[in-house]
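# Descriptive analysis of the structure
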Amino acid sequence: MAEVNRQILLASRPQGAASVDNFRLVETPLKPLADGEVRVRNHYLSLDPYMRGRMNDSKSYAQPQPLDEVMIGGTVGEVVESKHPGFAAGDKVVGMFGWQEFGTSDGKGIQKVDITHVPLSAYLGPVGMPGVTAWYGLNRIIAPKAGETVVVSAASGAVGSVVGQLAKLAGCRAVGIAGGETKCRYVVETLGFDACVDYKAGNLYKDLKAVTPDGVDGYFENVGGEVLDVTLARMNAFGRIALCGMIAGYDGQPMPLKQPALLLTQRLLVQGFIVSEHMDVWPQALKQLGTLVAQKQLHYRESIAQGLENAPEAFLGMLKGRNFGKQLVKLI
Ligand SMILES: NC(=O)c1ccc[n+]([C@@H]2O[C@H](COP(=O)([O-])OP(=O)(O)OC[C@H]3O[C@@H](n4cnc5c(N)ncnc54)[C@H](OP(=O)(O)O)[C@@H]3O)[C@@H](O)[C@H]2O)c1
C-alpha cells in the first residue's frame, strides 16, 4: 500500500493567461484510515474549463480555489481500503477528489458506478458532468423541436459533442463550430452532425450561413466572442440560446457584442446556466446518457495525458484547444 499521496496545489493566481508556474506538485504522507472512512486510488482526473475561473479571485458563481490547496476536480477510481459499511475494496467510484492520486472520504460526495457497460472514464465525460451539461442546456433551455436547426460551438469537445448528437436524436439539423479541419471532419463523419464549420479558416459568417439555410433556432454557446457574434446574426425569431461557457474570454479578454440589438429584434431568449445548480435533472439525464453510451448510440472521444505531473500542461492545452474530445489525466 502506498504511503505517499502526490498532489497538485494552486501555487499562485494567474495574471492573464494561466501557466505551469501557477501549480505546485507536492508529496504528502497518507494518514491511516479512521473508522467510517474510504480510501480511493484515483484512476482518471477530469480537466475542465471551469477550473480556469476558479483560479481567479474574482466574483463568480462559485468560491475561488484556495491557494496552497489541492486543485478542485472530478475523479473516478477504485476503493483500495474501506472502513465504511457502504463501500468495499474494488468498488469503482466517481467523486471530486481533485488533482491527486488518492482521495479519502467519509462516504459523502462519492458514488459507486457500474462499469459493466460504460467504461470508467466515461463517467467524467458523456455520462458525467459534461454530458449532463449538454443534456440540460439542450433539453431545458433550447427545447428543440424536430426539424429545427441547432448550432453548438466547441462541437468536438466534451459538452459540444453530446449536444449535437442529442439534437440529432431529437430530429434536428445539428451544426457544429470547431477549430480545424480534423475536428470538423470528426464532428460530421463520426458524431453524425449534418455540418461543421471551421472557425479558424474561411469566412465564419459566410460558411455558417451556407450550412444553416433555414437560420438557427437553438444555439448552445460554449465559446463567446466572434463565434457568438456570427451565430447571433443567423438566429431566427424566437430562437433560444443556452449560454453554457465563454472560453474565449477566460483569460480576461473583453468580449463586446457587435449587434446586441438582435436580441430585441429577433425576440431571443438567452439563458445562462450552471449545471451543478440543477441536481434534480442529473438522475434522469445520466440514465439516458448511460444507456446511449452502453448501446453505442452516443460517441465520444478522449484526450488522455499520462501521470499527475502532466496535468498542468494538459489543462493549459485544453484551454487552447489542443485537446480533441474530453481531456483526462490517467493516474494509474
Ligand atoms: N455552465 C456549465 O455548467 C458548464 C459545465 C461544463 C462546461 N461548461 C463550459 O462548456 C464549454 C465546453 O467545455 P468542455 O468541458 O466541453 O471543454 P472542451 O470543449 O472539451 O474543450 C474546450 C474547447 O474550447 C475550444 N476553445 C478554446 N478556446 C477557444 C477560443 N478562443 N475560441 C473558440 N473555441 C475555443 C477548443 O475547441 P476548438 O479546438 O474547437 O477551438 C477546446 O477544445 C466551456 O466553455 C466550459 O466552461 C459549462
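Per an unreviewed UniProt entry, the protein goes by Enoyl reductase (ER) domain-containing protein and derives from Paraburkholderia sartisoli.

A few words on the overall build of the protein. In terms of helices and strands, the protein carries nine helices and 15 strands. Taking 2.2 N^0.38 as the reference for a compact globule, 332 residues should give roughly 20 Å; the C-alpha atoms of the protein span a radius of gyration of 20 Å, in line with that estimate. For the C-alpha atoms alone, the extent of the protein along its principal axes is close to 65 × 45 × 35 Å. When each of the 332 residues of the protein is scored for burial, the buried share is 52%. When contacts within the protein are restricted to residue pairs at least 6 apart in sequence, long-range pairs at least 24 apart make up 66% of them. Element-wise, carbon and sulfur atoms account for 53% of the exposed surface of the protein, whose accessible area totals about 14900 Å². Each charge class in the protein was averaged separately, 33 positive and 32 negative side chains, and the resulting centres sit 4 Å apart.

Here the structure, examined in full by the defined rule, presents six aromatic pairs. Considering the side-chain rings of Phe23 and Trp99, the 5.2 Å spacing of their centres and the 15° angle between planes classify their relative orientation as stacked. With Phe23 in strand S2 (residues 23-29) and Trp99 in the loop between strand S5 (92-95) and strand S6 (102-105), this pair connects stretches of sequence that are 76 residues apart. What makes Phe23 buried here is its relative accessible area of 9%.

The next subject is the sheet that holds strand S8 (residues 149-153). Read from one edge to the other, the open sheet built from six strands follows the order S10-S9-S8-S11-S12-S13, with strand pairing classed as parallel. Here the strands that pair on one side only, and so sit at the sheet edges, are strand S10 (195-198) and strand S13 (269-272). Put simply, the sheet's adjacent strands are angled 15° from each other on average, direction ignored. In the sheet, S8 pairs with strand S9 (residues 173-178) via five bridges, with the strands oriented parallel.

A few words now on the site of the ligand. Near the ligand, the surroundings consist of 27 residues, among which Lys183, Tyr199, Tyr250, Phe273 and Asn323 are the closest. Within the side chain of Lys183, one N or O atom sits 2.6 Å away from an oxygen atom of the ligand. The separation between a nitrogen atom of the ligand and a polar main-chain atom of Leu319 is 3.4 Å. Coverage of the ligand by the protein amounts to 91% of the 910 Å² it exposes when considered alone. Where the shell around the ligand is concerned, the elements lending two or more residues are helix H2 (129-142), helix H3 (158-169) and helix H9 (311-319).

Let's shift gears to the domain arrangement of the protein. Put simply, an interface is often sized by how much accessible area is lost when its parts join up. Taken domain by domain, the protein comprises domain 1 (4-125 + 300-330) and domain 2 (129-276). Once you take the C-alpha centre of each, domain 1 and domain 2 turn out to be 28 Å apart. Across the contact, 20 residues belong to domain 1 and 13 residues belong to domain 2. For the domain 1 and domain 2 pair, buried surface summed over both sides reaches about 1300 Å², with 62% attributable to carbon and sulfur atoms. Per-residue buried area on domain 1 facing domain 2 is highest for Tyr61, Gly125 and Phe324; these three make up 32% of the total on that side. For the pair domain 1 and domain 2, the interface holds one salt bridge.

Another point: the nonpolar core. By size, the foremost hydrophobic cluster in this structure holds 47 residues, and its most contacted members are Phe220 and Leu289. Top contributing element to this core by residue count: H2, with seven residues. A domain split of this core shows at least three residues from each of domain 1 (4-125 + 300-330) and domain 2 (129-276). Those residues in contact with Leu289, other than ones at most four positions away along the chain, are Pro126, Val127, Gly131, Val132, Trp135, Val162, Leu166 and Leu298.

Criteria and cut-off values
Residues numbered from 1 in each chain as written. Predicted model: local features only at pLDDT ≥ 70, side-chain atom pairs only at ≥ 80, totals over all residues. Heavy atoms only, no water. Helix = DSSP H or I, 4+ residues; strand = E, 2+ residues; numbered from the N terminus. Rg over C-alpha atoms; globule rule 2.2 N^0.38 Å. Buried < 20%, exposed > 50% of the residue type's maximum accessible area, 1.4 Å probe, protein only. Contact = heavy atoms within 4.5 Å. Areas by Shrake-Rupley, 256 points an atom, 1.4 Å probe, with all protein chains shown as cover. Lys, Arg positive; Asp, Glu negative; His and termini not counted. Charge placed at Lys NZ, Arg CZ, Asp CG, Glu CD. Phe/Tyr/Trp six-rings, centres within 6.5 Å; stacked < 30°, edge-to-face > 60°. Pairing = 2+ DSSP bridges. Axes fitted to C-alpha atoms, helices over the stretch in contact; angles between N-to-C directions. Near = heavy atom within 4 Å. Polar contact = N/O pair within 3.5 Å; in protein donor to acceptor, adjacent residues only side chain to side chain. Domains from an automatic or database assignment. Buried area = accessible area lost by both parts, 1.4 Å probe. Salt bridge = Lys/Arg side-chain N within 4 Å of Asp/Glu carboxyl O. Core = buried A, V, L, I, M, F, W, Y, C linked by side-chain atoms within 4.5 Å.

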